[in-house]
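Observations on the three-dimensional arrangement
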Amino acid sequence: MNVSTNAPSRGHSEPLSQRLAELRGPAPQRSLNARSLAALAANPGCHRRAVLDAAGVDKSALASRLGRPAPFGQSPFAIARGVIFESRLKADDYAALLEPLRRHLGLPADGGAPLVVPDLLRRSGSAVRADRTAEALAAAAADPDAWTLLDHPLLRLDVAGSTAYLEPDAVVVHGGRCTVVEIKSFPVLDGSADPAKVGAAARQAAVYVLALQHAAAARAGEALAPDPYTEQRLTGSPRLSVLLVCPKDFSNRPTAVAVDVRRELATTRRQLSRMTGIGRLLDALPPGTGFDLAVDEDGGPARSADELATAVEAVPAAYSPDCLSTCELGFHCRAQARCGDRVEQLGRGVRGELGSIRTVTEALAAATATGSGTDEAAERLAYAAALRAEALGAAVR
Amino acid sequence: MSLLTTLARLEAVRSGRAEPLATVRHRHLSDRPMVVVPLTAAGEAGAPLAVLLGTDRDAPRLHLVPQPLNRTLRFDYLAELAADLLPYLEFFGADVEQIEGSEKDPETGEKTQVFRELCADAPQLIVPNSAGVHHLALIGRSTRFRRTVEDDEPGPYPAPVRVPLLGRWLTHLTDRAQVPGSSLLLPMTGLLARHWATGQSHLEDQHLAARLAWHFPPDGLAGAEAAERAESTRDERGQLLHPPAGPATDPRFDEVVLGPAIARYDAATSALAHSTEQRDDSGAARAREAVREAIEQLRGVLTAVLLPTWHDVWRGIDLLRTLPPAGHLEERWTGDRWSYTGHRDRLAAGEPPQPRQDDAVTAARKLAQREREQARLDVQEALDDPLAMAEHRLAGEAFAGVVTEVVPDYDTTGRSPKPRPLVTLRTDDRPHADLGREAHRVHGPSTQKAEIVAVDPAEGSITLRILSGMGRKKEPEPGSLPEPGELVTFTLFELTVRQSAPLPEPDDTPWTHGGPPGAAPGPVPSTSAFDEWE
Ligand code: SF4
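Parameters at a glance
Residues numbered from 1 in each chain as written. Chains lettered and ligands numbered in written order. Predicted model: local features only at pLDDT ≥ 70, side-chain atom pairs only at ≥ 80, totals over all residues. Heavy atoms only, no water. Helix = DSSP H or I, 4+ residues; strand = E, 2+ residues; numbered from the N terminus. Buried < 20%, exposed > 50% of the residue type's maximum accessible area, 1.4 Å probe, protein only. Contact = heavy atoms within 4.5 Å. Areas by Shrake-Rupley, 256 points an atom, 1.4 Å probe, with all protein chains shown as cover. Near = heavy atom within 4 Å. Nonpolar A, V, L, I, M, F, W, Y, C, P; charged D, E, K, R; others polar. Buried area = accessible area lost by both parts, 1.4 Å probe. Salt bridge = Lys/Arg side-chain N within 4 Å of Asp/Glu carboxyl O. Polar contact = N/O pair within 3.5 Å; in protein donor to acceptor, adjacent residues only side chain to side chain. Domains from an automatic or database assignment. Pairing = 2+ DSSP bridges. Axes fitted to C-alpha atoms, helices over the stretch in contact; angles between N-to-C directions. Core = buried A, V, L, I, M, F, W, Y, C linked by side-chain atoms within 4.5 Å. Arc of directions from axis to C-beta. Phe/Tyr/Trp six-rings, centres within 6.5 Å; stacked < 30°, edge-to-face > 60°. Lys NZ or Arg CZ within 6 Å of the ring centre and 35° of its normal. Parallel < 35°, antiparallel > 145°, perpendicular 65-115°, else oblique. Left-handed = near helix turned anticlockwise from the far one by under 90°. pLDDT = per-residue confidence, 0-100.

1. Regarding the overall build of chain A
When you go through chain A residue by residue, the secondary structure sums to 15 helices and eight strands. With respect to the principal axes defined by its C-alpha atoms, chain A has extents near 85 × 60 × 40 Å. Looking at chain A residue by residue over its 397 residues, the buried ones come to 50%. Put simply, 63% of the contacts in chain A that link residues at least 6 apart link residues at least 24 apart. Within the structure as shown, chain A displays about 17700 Å² of accessible surface, and the carbon and sulfur contribution to it stands at 52%.

2. Focus: the site of the ligand
Residues and elements named next belong to chain A. Every residue near the ligand is listed here: Asn43, Cys46, Arg48, Arg49, Ala317, Ala318, Tyr319, Cys323, Cys327, Leu329, Gly330 and Cys333. Listing elements by their share of the shell around the ligand, those giving two or more residues are helix H3 (47-54) and helix H12 (330-339). The residue inventory of the shell around the ligand, partitioned by class, reads eight nonpolar, two polar and two charged.

3. Remarks on the interface of chain A and chain B
Between chain A and chain B, the contact holds 48 residues from the first and 52 residues from the second. Interface area for chain A against chain B, summed over the two sides, is near 4600 Å², with a carbon-plus-sulfur share of 60%. The largest per-residue losses of area from chain A upon contact with chain B belong to Phe250, Leu346 and Arg388 of chain A, which jointly make up 18% of the total buried on that side. Of the charged contacts in the structure, one is a salt bridge between Arg68 of chain A and Glu228 of chain B, with a shortest N-O distance of 2.5 Å. Where chain A touches chain B, the interface holds 16 residue pairs in polar contact (both at pLDDT 80 or more). Of all the secondary-structure elements, those providing two or more residues to the side of chain A that touches chain B are helix H5 (76-105), H12, helix H13 (348-353), helix H14 (360-368) and helix H15 (376-391) of chain A.

4. Brief notes about the domain arrangement of chain B
With domains assigned, chain B is organised as domain 1 (27-99 + 116-333) and domain 2 (398-491). The distance between the C-alpha centroids of domain 1 of chain B and domain 2 of chain B comes to 53 Å.

5. Side note on the sheet that holds strand S6 (residues 177-183) of chain A
All names here are of chain A. Read from one edge to the other, the open sheet built from six strands follows the order S1-S2-S5-S6-S7-S8, with strand pairing classed as mixed. Strands at the two margins of the open sheet, each flanked by one partner only, are strand S1 (115-116) and strand S8 (254-260). The strands touched by H5 are S1, strand S2 (147-151), strand S5 (170-174), S6, strand S7 (241-247) and S8; relative to S7, the strand with the most contacts, the crossing angle is about 130°. In the packing of helix H7 (residues 195-220) onto the sheet, the strands contacted are S5, S6, S7 and S8, and the crossing angle to S6 comes to about 145°.

6. A look at the nonpolar core
Counting 86 residues, the largest nonpolar core has Leu125, Met188 and Leu302 of chain B as the members making the most contacts within it. If you tally residues by element for this core, the top one is helix H10 (residues 281-321) of chain B, at 15 residues. Beyond its immediate sequence surroundings of up to four residues, Leu125 of chain B is in contact with Met34, Val36, Tyr88, Leu89, Leu136, Leu170, Leu173, Leu184, Leu185 and Leu186 of chain B. Core analysis: the second largest hydrophobic core is formed by 74 residues, Leu66, Ala140, Ala217 and Cys333 of chain A among them.

7. A look at the environment of Ala217 of chain A
All names here are of chain A. Along the chain, the position of Ala217 falls in helix H7. Accessibility expressed as a relative area gives 3% for Ala217, which makes it buried. Other than its neighbours up to four places away in sequence, Ala217 contacts Glu222, Ala223, Leu224 and Leu234.

8. Some words on H14 of chain A
Residues spaced three or four apart along an α-helix face the same direction, because each turn holds 3.6 residues. Listed as buried for H14 of chain A are Val360, Ala363, Leu364, Ala366 and Ala367 of chain A. Projected onto a plane normal to the axis of H14 of chain A, the buried residues spread over an arc of 155° and lie on a single side. Turned more than 90 degrees away from the buried face of H14 of chain A, the exposed residues are Thr361 and Thr368 of chain A. Close packing links the buried residues of H14 of chain A with H15 of chain A together with helix H1 (3-15) of chain B.

9. Observations regarding the packing of aromatic side chains
Residues and elements named next belong to chain B. For the coordinates displayed, the defined rule picks out five aromatic pairs over all chains. Relative to Phe490, the ring of Phe399 lies with its centre 5.9 Å away and its plane at 20°, an arrangement referred to as stacked. Of the two residues, Phe399 is situated in strand S10 (residues 398-407) and Phe490 in strand S17 (residues 487-491); the sequence distance between them amounts to 91 residues. Residue Phe490 is classed as buried on the basis of its relative accessible area, which comes to 0%. Members of the aromatic cluster, connected to one another through ring pairs, are Tyr88, Phe91 and Phe92. Taking the ring centre of Phe91 as reference, the NZ or CZ of Arg32 above it sits at 5.2 Å.

10. Remarks on the sheet that holds strand S13 (residues 422-426) of chain B
All names here are of chain B. Within the closed barrel, the six strands sit side by side as S10-S13-S16-S15-S14-S17. Their pairing is antiparallel. Taken over all neighbouring pairs, the strand axes of this sheet differ in orientation by 45° on average, direction set aside. Examined bridge by bridge, S13 and strand S16 (residues 461-466) share five bridges and lie antiparallel to one another. Within S16, the residue paired with Arg426 across the bridge is Ser461. Helix H13 (residues 386-394) rests against S10 and S17 of the sheet, and its axis sits at about 85° to S10.

11. A look at the pattern of salt bridges
Scanning all chains against the criterion turns up 57 salt bridges over all chains. The salt bridge partner of Asp249 of chain A is Lys248 of chain A, with a shortest N-O separation of 3.4 Å. Note on Asp249 of chain A: relative accessible area 11%, which makes it buried. Accessibility expressed as a relative area gives 31% for Lys248 of chain A, which makes it partly exposed. When the shortest N-O distance is used, the salt bridge between Arg234 of chain B and Asp250 of chain B registers 3.0 Å. Here Arg234 of chain B, found in the loop between helix H8 (223-232) and helix H9 (251-277), pairs with Asp250 of chain B, found in the loop between H8 and H9; they are 16 residues apart in sequence, far enough to count as distant. Each member of the salt-bridge network shares a partner with another, and the members are Asp190, Lys248 and Asp249 of chain A together with Arg141 and Arg356 of chain B.

12. Focus: the packing of helix H3 (residues 130-143) of chain B against helix H4 (residues 163-176) of chain B
All names here are of chain B. Where H3 meets H4, the closest approach of the two axes is 7 Å, and the angle between their N-to-C directions is 140°. Classified by the angle between their axes, H3 and H4 sit oblique to one another. Crossing handedness for the pair H3 and H4: left-handed. Listed contacts from H4 to Val133, Leu136, Ala137, Ile139, Gly140, Arg141 and Thr143 of H3 are Val163, Pro164, Gly167, Leu170, Thr171 and Thr174.

13. Quick look at the packing of H14 of chain A against H15 of chain A
Residues and elements named next belong to chain A. Where H14 contacts H15, the two axes come as close as 7 Å, and the packing angle between them is 65°. Our pair here, H14 against H15, has a crossing hand that is right-handed. Contacts between H14 and H15 involve Ala363, Ala366 and Ala367 on the former and, on the latter, Ala378, Leu381, Ala382 and Ala385. Taken together, the residues of the contact of H14 with H15 break down into seven nonpolar, no polar and no charged.

14. Thoughts on the confidence of the model for chain B
All names here are of chain B. Of all residues in chain B, 93% have pLDDT values of 70 or greater, and the mean over the chain is 87. A low-confidence stretch, residues 500-504 (pLDDT under 50), is modelled with nine contacts involving residues beyond four sequence positions or located in other chains. In this model, residues 509-534 is a region of pLDDT below 50 whose contacts with residues beyond four sequence positions or in other chains number 56 contacts.

15. Focus: the domain arrangement of chain A
Per the domain assignment, the segments of chain A are domain 1 (76-272) and domain 2 (348-396). Spacing between the C-alpha centres of domain 1 of chain A and domain 2 of chain A amounts to 52 Å.

16. As for unusual backbone geometry
The general pattern is negative phi for most residues beyond glycine and trans for most peptide bonds. All names here are of chain A. Although it is not a glycine, His152 sits at a positive phi angle of roughly 50°. With respect to the element layout, His152 can be found in the loop between S2 and strand S3 (155-159). For His152, a relative accessible area of 8% translates into the label buried. The backbone of Asp249 shows a phi angle near 50°, a positive value even though the residue is not glycine. If you trace the backbone, Asp249 turns up in the loop between S7 and S8.

Have a look at this one:
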C-alpha cells in the first residue's frame, strides 16, 4: 500500500491518545457519546469497531468513502415528535415531568421542598458546561434535603485516553444520591414498552450512570467499586435504577418506569476497560495504517478508497448480520464477509452449528463428502444433505 | 434454525437463488385474500400515515392521513379504512353450515346434542411483514375502546361509529395470528421464510424486496447482489429505488419527499382557514383548490412509495400458489373458520371489546392453545412434507428405511392369540431408538403402533414389533402390514395430537354459548375503560 509520508512512528512510548489521533488524521474527532458507547456493547468482539471508535473516526463518512454508506437516519417527524414531547414535559416549570417523578422518587407535592433547577450554561462550550455540571452536582449532593433537577447536564467520561462528553436528559439529586432520567418518545402501552427499545435506552443510561459513578468516586477520592452490581454509596453516587419517562399509551401524558441497569453497567464497564487495552490492538496494525478522511488542499482525498479499505481490512472484524442495524460499517463488513465466503453472513447461530467449518465452500464440500469424516459437524452436514436430497426427490439413496 | 435450514441457506449462497424448504404449501391461501400494505408516521406509536389495500392486484385503493399529527384527520382515515375493510371482513359471516356436536349441561352434567353455525369461509389478510401485523395490532388497540357519537358520553373526541368495530376485528385477527399455523392474517415475509431459504440471514429476510430478490434476481445478478440493490440503491434525490415494505418509511423519504408535501398541505389549509375567516370567497376557492392539489400530490407520492411493495406481496402470493397445498391445510383452516365465526358471534351478542390485558385464566388458556397448536402443526407438517419429516429424522425422532423381513409372531398370553409380527428394516437414519420405545407408522393404512425390539447400528437395521392396526383376528388383516421391499417411515412421537375440533376452542366460544369463565359478560364499558386522547 501507499504509505503516506507523515506515517506515524511506531514508538510505543507515545501516549495512547496521540497514537489514536494519528490514526484518525486531521479530520475532526468524532467524539464518543452515550449512544456510540452503548452501541459498542452491541458487538463486544469486534476489534475493528473498537479501534475506529477509540480513534474518533467518523464511521459514517468512512462507510460512504468505502462505497457502502450507512443506511441510518432519523426521520424529521420522529425528531420533531421527540422535541415536542420533551418540551411539553418541561413547560410550566417542569410540571408534567415532575408528576411521574414524584411517584417514583417521593418528590414532595407542590409547597414541600422547592425544586432547585440550576442554570447549567447550556450555550457554552463542552468543557465549561461539564465544569458547571460538576459544581452543581457537588452542591446538590452536599445538601441532602434539597431536591435538585439538572436539566441536560454534561458529564465527562475518560475513554481510552480521550474525553467523551455525555448529555443525559436530566439527573435528579436528593438525599445525597442522584438518579438518571431519560426521556423517550416510544410509548408505554398498557404498562409495558417495546423490550428492544427499553434495552437500548438502558444501555445508553448505563453509560451515564457510569460517568456519574466516576465523578462521585473522584470527588470522594476513592476508587470505583470493583463490583458493578453493588451500589457504591458515596455522596452523589447514582442509583443503579434509572427512570425512563415515556408517553403513556397513545396520549402525550408522561409515565415513568424504573429500569435496573446493573447488567448493562457491567457490560459497559467491561467494554470500556477493553477500550483502554486498545494499545495492544494498535500494536498489531501494520505500519502506515490510517483512516484519514480529510481532503487535501487540491481537493483530492488524503487517502484513496482502496487505501482506506486496506486499512479497515487490517483490523480484524467480527461481522454478524446484527451489525447491519448497529454499526455504520455494516454493509461494508457484510460485503467482505460475503467476499471471504464466511459462514457468518448467515447469522451468528450458524457458526455454532458448523463447528470448525468457516466458509460456505468448506461447508458444502462437507455436505457432499462421502465416507465418514472425523469432524462431527461435517458428518452431520453430510447426513442432513442426504436427507434433504432424498426429500426433494433429487437422489434416493 | 435447524441444520437442514442452514444447509438450504448455504446452497442458496452458492446458487444465488432461493432454495426450497418445503415441497408443499403449509399455509392456507384464500382465493380472494385482502392485501394490506400500511405505512406509519414516524415518531408516534401506531400513528397511521397511509395504506394500500384491496383484493384485486390491478386495483389497489389508497387511504391516507394528509397531516398525521391531526387527530381529526386520523379519525377520518380510520373511518375510511373501516368502511373499506369491514365489508370484506363481514362478508364471510353470511354463509354458514351447521355442525353437529355435543355439549355438557353445566348443572346435570348430561350431554346433549347441539348444532353450531360455522362460517363456510373466512377472510384472509396478507401484510408485507411481521411489523405490519404489529401495526395492525396497534391500530386495533388504539381504536377498540374509542367512544363514538353513539355513546351516552361521547367525550371530546368521539370516533366515527364503525371505528371501534374495526379495532375489535383487527385485535381479533392479530391475536389469532399468534396461533401457530393459523392463516387469517399472515405476513408475506413469514410465508416465504417457511417455504424457501435465501442465502442471507433471517434479519435481512425481513426486508420483503431483498428477500424476493433471491427469487427473481434481475439481469442475471446473483441473489446477494440483487438483494443489496433492493436494500440500498438510491436515485439522484437520495430516494431508495425500492422503498422499504414499511410500515416505517425511509427517513430520507420523510425528509425530502413527504415532509415538503405535508408542509404544502399545511400551508394550503391554513390559507383556507384564513380566507374563510376573512370571508374572502375567491381566496377561499383558490385555497380549496390548493388543498385539493396538495392532497393529490400526497396521494401521488404515497402511491409511488407503496406500489412496489404492493406488487411484491402479490408476487409472493404467485410464488406460494406454485406449491401444491399440504394435506392438512383444510383441517387447520377449519380452525380459523371457527375462530372467525366465534368473533362474529361475540360481536353479535354485544360483548364488550377485548380487554387491554388478558386475565390470568384467559392468558393461560391462550398459551396452552398456542402450545397445542404448535405441536399439532409440527406433526401435520411432518406428515404432509418429506422435508419437514427430514427434520425429525435428523433430530433422531423418526426413521425411514426399506423393509427387509416380516416375521409372524403372536401374543399368546390372552385367551385368544393376537398377531404381534416382527418387521425389520434397513435404514441409514440414527434414531434415539432405545429398546422398548414406542414407534408410530407414518402413512400406514391405519394408525399403527409398534415397539422397538432390536437395533443394530453397524448393520443399519431396526426391528419393530407391530402392536396394533392389524384388525381383530388372529392373522393381520391383509394389507395392514408393510411388505418386504416397501419404504416405510416410523416416528418416535405420536402422530395424533388431542384436538378439540370439530367444536371451537373455549376462547372462541361466545358467552351466549356458555363461553370462557374469565370473560363473563361484563358491564357495558364504563367511561374509564376508554383511553384518554390527550
Ligand atoms: S460492521 Fe464491521 S466494524 Fe462494525 S461492528 Fe460489525 S464487524 Fe465490526
